[in-house]
Amino acid sequence: MNYIEVLETAGIPDKKIFVGTVTDETGLQTKTEEWYYGENQLIVIVNDTVNAIDTDISSTYRKIQHIIDSARATGDTSVMIQPVQ
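Treat the numbers as computed from the prediction; the structure is a model and nothing was measured.

A. Highlighting a nonpolar patch on the surface. A cluster of nonpolar side chains, contributed by Tyr3, Ile4, Leu7 and Ile12, occupies part of the molecular surface with about 370 Å² of accessible area. Looking at where Tyr3 falls in the secondary structure, it is placed in helix H1 (residues 3–10). Assessed through its relative accessible area of 34%, Tyr3 is described here as partly exposed.

In structure tokens form, the structure reads like this:
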């Protein structure tokens, strides 16, 4: 689904966040945006095409936190998410 179809189906998002553009070693660019609908729904647009839909952001964050907490409980103290360089 392209972004025009998203607009026609879901309407204009409440908030859009431009995540950034990444250029790989061959010169190809990837542009990523996050479109938020209400407080708990998200559509990720990559190169003007839907890449992911999350209809319950709060639940996703809880699951991620549980994974991090479980890893820490086993003694893993490494950084869970590496910063992009």
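B. The arrangement of the pattern of salt bridges in detail. Following the criterion strictly, the structure yields 1 salt bridge and no others. Taking the shortest distance from any N to any O, the salt bridge between Lys31 and Asp48 comes out at 3.5 Å. On the criterion of sequence distance, the pair formed by Lys31 in strand E2 (residues 29–37) and Asp48 in the loop between strand E3 (41–46) and strand E4 (49–54) is long-range, its members being 17 residues apart. In this structure Lys31 comes out as partly exposed when scored by relative accessible area, which is 29%. Taking the relative accessible area as the measure of exposure, Asp48 reaches 34% and is therefore partly exposed.

C. Summary view of H1. One side-chain oxygen of the residue at the start of H1 lies 3.0 Å from the amide nitrogen of Ile4, identifying that residue as Asn2. Looking one or two residues past H1, Gly11 carries a phi angle of roughly 90 degrees, positive in sign.

The rules we used
- Residues numbered from 1 in each chain as written.
- Predicted model: local features only at pLDDT ≥ 70, side-chain atom pairs only at ≥ 80, totals over all residues.
- Heavy atoms only, no water.
- Patch = residues over 30% accessible without salt bridge, like charges linked within 9 Å, V, L, I, M, F, W, Y side chains within 5 Å.
- Areas by Shrake-Rupley, 256 points an atom, 1.4 Å probe, with all protein chains shown as cover.
- Salt bridge = Lys/Arg side-chain N within 4 Å of Asp/Glu carboxyl O.
- Helix = DSSP H or I, 4+ residues; strand = E, 2+ residues; numbered from the N terminus.
- Buried < 20%, exposed > 50% of the residue type's maximum accessible area, 1.4 Å probe, protein only.
- Polar contact = N/O pair within 3.5 Å; in protein donor to acceptor, adjacent residues only side chain to side chain.

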